[in-house]
Amino acid sequence: MGQDRSQMVAAVRAYCAAHPRWVLFDEPTQTLLEVATGKSLLLPAAEMTQAVARTNSQTGHPYLLIELGDGRELALCDAGIAFPPVAPAVPQAPEMPPVTCLSDFAQLTSHLSHLLYGHPDDKPGRETLDIVAVCLGILDGARRVGFDISREEKQLDQLLEELEKRK
């Protein structure tokens, strides 16, 4: 027998209460807040079909896997809110990791900024293109789970404009 909605909400509440440096839950508005990025995500209880506590085999940290009725999945974890990226429709795109988060996007765009602005005389190479492809996959995955990523899209667009100048 599956979980009822009150059990799933209780699991989210308990996870967030136990890990307030990772993710917070505002139950009245059914909103998650990713502490590392300050990004919020609506998590309607009516859409949840499962909330299962698990342990990351690599880090040993706990996470909460949440499945939604339309097939989307996300996880509350030490990185905040993790989700599967969407493989970008980019020729020769690198293989995407199974899960990612918006903190990964921030790290990658920081590195991309360094490559573009820290080395203005260097012609962008394969690494630069791979970073762009992964960033696109992260943003598409974030959009798919419901994040508002307009700020991140604008940031990536600015970096792409700089990249275009270098061709």
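Asker: What is the right way to look at the overall build of the protein chain in this model?
Answerer: Along its length, the protein chain carries four helices and eight strands. Going from N to C terminus, the protein chain has its helices and strands arranged as α-β-β-β-β-β-β-β-β-α-α-α. When the backbone C-alpha atoms are referred to their principal axes, the protein chain occupies close to 60 × 30 × 30 Å. Each of the 167 residues in the protein chain was classed as buried or not, and the buried ones make up 38%. Accessible area for the protein chain stands at about 9,300 Å²; split by element, carbon and sulfur atoms hold 53% of it. Of note, the protein chain has its 15 positive side-chain charges centred 2 Å away from the centre of its 23 negative side-chain charges.

Asker: What should I look at first to understand the sheet that holds strand 2 (residues 31–34) in this one?
Answerer: The strands that make up a sheet are held in pairs by hydrogen bonds between backbone atoms, and each pair lies either parallel or antiparallel. Ordered in space as 1-2-3, the three strands form an open sheet in which the pairing is antiparallel. The open sheet has two edge strands with one neighbour each: strand 1 (23–26) and strand 3 (39–42). Averaged over all neighbouring strand pairs, the angle between strand axes comes to 25°, with direction disregarded. Note that strand 2 and strand 3 share four bridges and pair antiparallel. Considered in strand 3, the bridge of leucine 32 is made with leucine 41.

Asker: Explanation requested: the packing of helix 2 (residues 102–118) against helix 3 (residues 126–145) in the structure shown.
Answerer: When two helices pack together, their arrangement is given by the angle between the helix axes and the distance between those axes. Remark: helix 2 packs on helix 3, axes separated minimally by 10 Å, with the N-to-C direction vectors making an angle of 155°. It follows that helix 2 is roughly antiparallel to helix 3 by the angle criterion. For the pair helix 2 and helix 3, the crossing hand works out as left-handed. Across the interface between the two elements, Leu102, Asp104, Phe105, Leu108, Thr109, His111, Leu112 and Leu115 of helix 2 pack against Glu127, Thr128, Ile131, Val132, Val134, Cys135, Ile138, Leu139 and Ala142 of helix 3. Among the residues making up the contact of helix 2 with helix 3, the classes are represented as 12 nonpolar, three polar and two charged.

Asker: Can you help me understand the nonpolar core in this one?
Answerer: The nonpolar side chains of a soluble globular protein tend to be buried, and buried together. If you look at the biggest cluster of nonpolar residues, it comprises 43 residues, and the most contacted ones within it are Val12, Leu32, Met48, Ile66, Leu74, Leu76 and Phe147. Here this core takes eight residues from helix 3, the largest share from any one element. What leucine 74 contacts, discounting residues up to four positions off in sequence, is Leu32, Leu41, Leu43, Leu64, Leu65, Ile66, Leu68, Ile81, Ala82 and Val145.

Asker: Would you mind going over the pairing of strand 7 (residues 80–83) with me for this structure?
Answerer: Consecutive residues of a regular strand have side chains that alternate between opposite faces of the sheet. Note: strand 6 (residues 73–77) against strand 7, three bridges, orientation antiparallel. Opposite leucine 76, over in strand 7, you have isoleucine 81 as the bridge partner. Counted between consecutive antiparallel strands, the loop separating strand 6 from strand 7 contains two residues. Taken together, the two bridges between strand 7 and strand 8 (residues 100–101) define a ladder with antiparallel strand orientation. Directly across from alanine 82, in strand 8, lies its bridge partner cysteine 101.

Conventions used here
- Residues numbered from 1 in each chain as written.
- Predicted model: local features only at pLDDT ≥ 70, side-chain atom pairs only at ≥ 80, totals over all residues.
- Heavy atoms only, no water.
- Helix = DSSP H or I, 4+ residues; strand = E, 2+ residues; numbered from the N terminus.
- Buried < 20%, exposed > 50% of the residue type's maximum accessible area, 1.4 Å probe, protein only.
- Areas by Shrake-Rupley, 256 points an atom, 1.4 Å probe, with all protein chains shown as cover.
- Lys, Arg positive; Asp, Glu negative; His and termini not counted.
- Charge placed at Lys NZ, Arg CZ, Asp CG, Glu CD.
- Pairing = 2+ DSSP bridges.
- Axes fitted to C-alpha atoms, helices over the stretch in contact; angles between N-to-C directions.
- Parallel < 35°, antiparallel > 145°, perpendicular 65-115°, else oblique.
- Left-handed = near helix turned anticlockwise from the far one by under 90°.
- Contact = heavy atoms within 4.5 Å.
- Nonpolar A, V, L, I, M, F, W, Y, C, P; charged D, E, K, R; others polar.
- Core = buried A, V, L, I, M, F, W, Y, C linked by side-chain atoms within 4.5 Å.

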